[in-house]
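An overview of the molecular structure
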Amino acid sequence: MADQTNHNQAGEVAPSTVDKQAPSVAEEHAPSTDSPEATDLPTANTPDPKAANPETNPNAAKTTATPPKREKPAAKAAVGEKSAAATEEKPAAKAAKKEKAPAVEDKPFVEFIEQDYLPALQKAIAQQGVQDLQVSFAKQKVPITGFESAEECWQIIGSWKETGARQFNLYFPEEDIQGKKGFSCNEGKKPSTLESFLIDERKITLDLLVFGLVQRLDGQKWLGIN
């Protein structure tokens with residue numbers, strides 16, 4: 001085998017090409033002693049860029065994906081408590097509505113007349129200047145000519161004590177304040193006409209029943225200074 005060592009003209013042995021390149025390659029990749037600096041030399045701890053690329057390595061994408069967030073159990077419990085509270089409030093509100101006192105007009109007919117209507121009527125007529133009014137409530141025949149054969153019905157009979165000639169009757173043939181009603185009045189003679197009373201009102205209330213009769217008596221000029 002021939003000697004690979006180069007000789008120059010002076011007979012000295014010249015370094016080989018490998019010997020010339022080795023120091024320069026080492027110096028090029030060696031870090032500076034003045035400050036730390038990254039090099040492009042591969043190391044055992046550096047991951048392969050291709051392995052970390054999810055396009056070429058699907059396993060890398062799975063390991064780096066962010067796991068989905070889960071709702072906190074405490075938040076779910078709070079929502080459940082609010083729903084349960086809302087469900088309990090609804091029956092309570094319904095119970096409160098059911099406990100509302102019934103209107104006086106919903107009382108039984110006789111009870112309403114005796115307990116509510118007669119006292120309110122006497123007070124309203126007294127406010128018109130009539131202090132000697134006598135009022136009664138009875139079930140009897142209609143005292144009008146032509147109604148002798150009719151059945152008895154509930155009536156409110158009012159008269160002035162000092163002038164007994166003035167008398168009025170309010171009739172309830174159906175024993176219902178929402179049903180048909182009649183009115184008659186006379187001054188010393190038997191009444192001859194039976195009038196309809198509050199026939200245009202859809203719903204009769206205590207106030208309306210009082211106002212209607214006071215207005216009719218005032219129209220007869222029996223109240224105040226009449």
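Residues numbered from 1 in each chain as written. Predicted model: local features only at pLDDT ≥ 70, side-chain atom pairs only at ≥ 80, totals over all residues. Heavy atoms only, no water.

1. Some words on the overall build of the protein
The line we're drawing: The way it works is that DSSP assigns letters per residue, a run of H or I at least four long becomes a helix, a run of E at least two long becomes a strand, and they are numbered from the N terminus. Exposed residues in this analysis have more than 50% of their type's maximum accessible area, buried residues have under 20%, and partly exposed residues fall in between, with area computed by a 1.4 Å probe over protein chains only. By definition in these notes, contact holds between two residues if any of their heavy atoms fall within 4.5 Å. The Shrake-Rupley method, run with a 1.4 Å probe, gives the accessible areas here. Residue values count only the displayed protein chains as cover.
When its secondary structure is counted, the protein shows five helices and seven strands. In the protein, the succession of α and β elements from N to C terminus is β-β-α-α-α-α-β-β-β-β-β-α. Taken over 226 residues, the protein has a buried fraction of 23%. Long-range pairs, those at least 24 residues apart, make up 43% of the contacts in the protein between residues at least 6 apart in sequence. Here the protein displays about 17100 Å² of accessible surface, and carbon together with sulfur accounts for 52% of that area.

2. Overview of helix α5 (residues 206-219)
Short version of the rule: Between the first and last residue of a helix there are one fewer steps than residues, each counted as 1.5 Å, and that sum is the expected span.
With 14 residues, α5 extends 20 Å from end C-alpha to end C-alpha; this agrees with the ideal 20 Å at 1.5 Å per step. Taken together, the buried positions of α5 are occupied by L206, L208, L209, V210, G212, L213, V214 and L217. Packed against the buried residues of α5 are α4 (109-126), β4 (153-160), β5 (166-172) and β6 (182-187). K221 sits one or two residues past α5 and shows a positive phi near 65°.

3. Here we look at α4
The condition that has to hold: To get the bend at any residue, fit one axis to the seven residues that end at it and another to the seven that begin at it, then take the angle between the two axes.
The terminal C-alpha atoms of α4 lie 24 Å apart, and with 18 residues this matches the ideal 26 Å at 1.5 Å per residue to within 8%. The sharpest bend along α4 reaches about 40° and sits at Y117, with the proline P119 one to four residues further on. Three or more residues of α4 are buried, namely F109, F112, I113, D116, Y117, L118, L121, A124 and I125.

4. Structural notes on the pattern of salt bridges
Where charged atoms from two side chains of opposite charge come close, those side chains can pair. Threshold: A pairing counts as a salt bridge when a side-chain nitrogen of Lys or Arg comes within 4 Å of a carboxyl oxygen of Asp or Glu.
What the rule picks out here adds up to four salt bridges. In this structure, E175 and K139 form a salt bridge, with 3.0 Å as the shortest nitrogen-oxygen distance. Of this pair, E175 sits in the loop between β5 and β6 while K139 sits in strand β3 (residues 133-140), and the two are 36 residues apart along the sequence. On the basis of relative accessibility, which here comes to 40%, the residue K139 falls in the partly exposed class. One salt bridge in this structure joins R216 and E195, with 2.8 Å as the shortest N-O distance. Of this pair, R216 sits in helix α5 while E195 sits in strand β7 (residues 195-196), placing them 21 residues apart in sequence.

5. Considerations on the confidence of the model for the protein
Heads up, the rule is: Per-residue confidence from the prediction method is given by pLDDT, with values spanning 0 to 100.
Per-residue confidence for the protein gives a mean pLDDT of 73; residues scoring 70 or more make up 54%. Across residues 1-11 the pLDDT falls below 50, and counting only partners more than four positions away or on other chains, this stretch makes seven contacts in the model.

6. Considering the sheet that holds β5
As a reminder of what qualifies: The criterion for strand pairing is that DSSP finds at least two bridges linking the strands in question. Between N-to-C directions, angles cover 0 to 180 degrees, with each direction set by a line fitted to C-alpha atoms, over the stretch in contact for helices.
Judged by pairing direction, the sheet is antiparallel, and its five strands sit side by side in the order β3-β4-β5-β6-β7 without closing on themselves. Looking at strand neighbours, the two that pair on one side only are β3 and β7, the edges of this open sheet. With eight bridges connecting them, β3 and β4 associate as antiparallel partners. Looking across to β4, one finds that Q140 is bridged to C153. Against the sheet, α4 engages β3, β4 and β5, with an angle of about 155° to β3.

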